[in-house]
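Coordinate inspection notes
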Amino acid sequence: MNGRLSNWASNIAPSPTLVVDGKSKKLKAEGKDVCGFGAGEPDFDTPSFIKEACAKAIRDGKTKYIPASGLPALRQALADFYVERGVPNVKAPNIIVSPGGKFSCYLAIKAVVSPGDEVIIPSPYWVSYPEMVKLCGGVPVFVAADDSADFKVSASQIKAAMTEKTKLIILNSPSNPTGAVYTGDELSEIVKLAVEKRIFVMADEIYSFLTYDGKKAVCAASVCEQARDWVIVTSGFSKTYAMTGWRLGTMCAPDDIAAAAASIQSQTTSNATSFAQFGALAVFENRDLASVAVSEMLASFDRRRLMLLNGLNSIKGISCRRAEGAFYLFPNISSFGLSSTDFCSKILDEELVAIVPGIAFGADGNVRFSYAVSDSVIEKGLERMARFCAKL
Ligand SMILES: Cc1ncc(COP(=O)(O)O)c(C=O)c1O
């Protein structure tokens, strides 16, 4: 008899970031004073003009099916947005609105990867990429970038990993977990190589608005004329607008890929929640309000980034690079001689500090802190971290 589970289901691991978050939430529910740096989730509320637009949509009865690929006005607004970002000739049919940035990534991979295809994933990587590739029967091929390379891979490293089975390269800038931001030139070299070899790029740009130190994130589909035909940009509203629970992702894809993704979505989830999309549309209809809301959140993230960065670097045995994007720091803890899993479970048990082991992202010498938490949690967490490290 075959096993009860499919091969896909038997091989998939649960998301380790959600596991840590679950454990820390459980401890909190038991009344423990946990400093939770685990979740990749802004601690701000969704801006009120977005919530109001969604509430109005519900009141107005916008609670029925809409086209599976998204609200036409939202798709058009997103197409205009990508044209403004420098991607040539994007039209509404190139855009899919999905139930979350995570699902946009899955749609992109599902649309291009067949069983046996290889997918190049720079490491450290976001936890879900390898599992999604495996769910599509693909083979993840990791290319390592360490602290000394600012956690970025070069075009020549990617070239060395290419084989005739390579179908897709996954890029994530700004990066979760490292916060690294590729420059336009760095992206351009990689994308041009992909175009030349007729390999797709999935550029996960969900953190593209969250950059610091004057750095700007360039859209990978804008770096050269042909990029539009080979780059699939995935993104979403969760991180920029503190809308994690709304489940709204986006995809900007070449014509054939967008059409395939639209069919996959229409046969699996149908439309992402209709009234949530009216909330998202408010972002484009109230640009001034949106830009004020994002700048305010960004200023807080930046202050917390520097607080955590300086605090971590002042602890003996820890070194942390200055990340320029997203809301994560990825310090190196290898000097303590513990695996990242042991380090994280010990500090959670002994000091009630929740952080994510780097092994989940393919880097066992590091741990991930999300600084989308209050200043007081950062202060307290740093004190506990210093006490913990001094004992090791
Ligand atoms: C790199 C990256 N991509 C995609 C997502 C998915 O975001 P969501 O599904 O909440 O829109 C996340 C969330 O943690 C992420 O870190």
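Worth saying up front: this structure is predicted, and the values here are computed from it rather than measured.

Here's the deal with the overall build of the protein
Regarding its fold elements, the protein presents 14 helices and 12 strands. Reported as C-alpha extents along the three principal axes, the dimensions of the protein are approximately 55 × 55 × 55 Å. Taking all 392 residues of the protein together, the buried fraction comes to 57%. Within the protein, counting contacts between residues at least 6 apart in sequence, those at least 24 apart form 75% of the total. Of the roughly 16500 Å² of accessible surface on the protein, 53% is carried by carbon and sulfur atoms. Here the protein holds 42 positive side-chain charges and 41 negative ones, and the gap between their average locations is 4 Å.

What to know about the domain arrangement of the protein
Examined at the domain level, the protein breaks down into domain 1 (7-46 + 290-391) and domain 2 (64-285). Where domain 1 abuts domain 2, roughly 3100 Å² becomes buried across the two surfaces, and 59% of that area is made up of carbon and sulfur atoms. Considering only the side of domain 1, the residues that lose the most area to domain 2 are Arg321, Glu324 and Phe361, jointly responsible for 22% of the buried surface there. On the surface where domain 1 and domain 2 come into contact, there are 4 salt bridges. The residue Asp213 makes a salt bridge to Arg305 at a minimum N-O spacing of 2.7 Å. Put simply, domain 1 and domain 2 have 16 residue pairs in polar contact (both at pLDDT 80 or more) between them.

Overview of the packing of helix α4 (residues 72-84) against helix α11 (residues 274-285)
Interhelical geometry of α4 versus α11 gives an angle of 35 degrees and a closest axis separation of 9 Å. For the pair α4 and α11, the sense of crossing is left-handed. Residues Ala73, Leu74, Ala77, Leu78 and Phe81 of α4 touch α11, and the partners they reach there are Gln277, Ala280, Leu281 and Phe284. Residues belonging to the contact of α4 with α11 are distributed by class as follows: 8 nonpolar, 1 polar and no charged.

Remarks on the pairing of strand β12 (residues 367-370)
Of the two faces of β12, the one lined by Val367 and Phe369 and the one lined by Arg368 and Ser370 are each fully buried. For strand β9 (residues 328-329) and β12, the ladder comprises 2 bridges, and the chain directions are antiparallel. The residue of β12 that forms the bridge with Tyr328 is Ser370. Relative to β12, strand β11 (residues 356-357) is paired through 2 bridges, and the arrangement is antiparallel. From the neighbouring strand, Pro357 faces β12, where its bridge partner is Val367.

Here we look at the packing of aromatic side chains
What characterises a pair of aromatic rings is the spacing of the ring centres plus the angle enclosed by the ring planes. Taken as a whole, this structure holds 20 aromatic pairs when the rule is applied. For the pair Phe81 and Phe209, a centre-to-centre distance of 6.0 Å together with 40 degrees between the ring planes defines the contact as tilted. Residue Phe81 is located in helix α4, and its partner Phe209 is located in the loop between β6 (200-204) and α9 (227-230); the two are separated by 128 residues in the primary sequence. Given a relative accessible area of 13%, Phe81 falls into the buried group. Between Phe200 and Trp230, the ring centres sit 4.8 Å apart and the planes meet at 45 degrees, which makes this aromatic pair tilted. With Phe200 in strand β6 and Trp230 in helix α9, this pair connects stretches of sequence that are 30 residues apart.

Some details on unusual backbone geometry
Between Ser123 and Pro124 the backbone carries a cis peptide bond, its omega angle lying at 5 degrees. With an omega of -10 degrees, the peptide bond between Ser173 and Pro174 qualifies as cis. Inspection of the secondary structure assignment puts Pro174 in the loop between β5 (166-172) and α8 (184-197). Residues other than glycine seldom take positive phi values, yet Phe151 does so here, at roughly 60 degrees. Considering the arrangement of structural elements, one finds Phe151 in the loop between β4 (139-144) and α7 (155-161).

Thoughts on the environment of Ala290
Locating Ala290 in the fold gives a position in helix α12 (residues 287-313). In this structure the C-alpha to C-alpha distance between Ala290 and Gly3, which are 287 residues apart in sequence, comes to 51 Å. When residues no more than four places from it in sequence are discounted, the contact partners of Ala290 are Phe49, Tyr241 and Val283.

Rules of the game
- Residues numbered from 1 in each chain as written.
- Predicted model: local features only at pLDDT ≥ 70, side-chain atom pairs only at ≥ 80, totals over all residues.
- Heavy atoms only, no water.
- Helix = DSSP H or I, 4+ residues; strand = E, 2+ residues; numbered from the N terminus.
- Buried < 20%, exposed > 50% of the residue type's maximum accessible area, 1.4 Å probe, protein only.
- Contact = heavy atoms within 4.5 Å.
- Areas by Shrake-Rupley, 256 points an atom, 1.4 Å probe, with all protein chains shown as cover.
- Lys, Arg positive; Asp, Glu negative; His and termini not counted.
- Charge placed at Lys NZ, Arg CZ, Asp CG, Glu CD.
- Domains from an automatic or database assignment.
- Buried area = accessible area lost by both parts, 1.4 Å probe.
- Salt bridge = Lys/Arg side-chain N within 4 Å of Asp/Glu carboxyl O.
- Polar contact = N/O pair within 3.5 Å; in protein donor to acceptor, adjacent residues only side chain to side chain.
- Axes fitted to C-alpha atoms, helices over the stretch in contact; angles between N-to-C directions.
- Left-handed = near helix turned anticlockwise from the far one by under 90°.
- Nonpolar A, V, L, I, M, F, W, Y, C, P; charged D, E, K, R; others polar.
- Pairing = 2+ DSSP bridges.
- Phe/Tyr/Trp six-rings, centres within 6.5 Å; stacked < 30°, edge-to-face > 60°.

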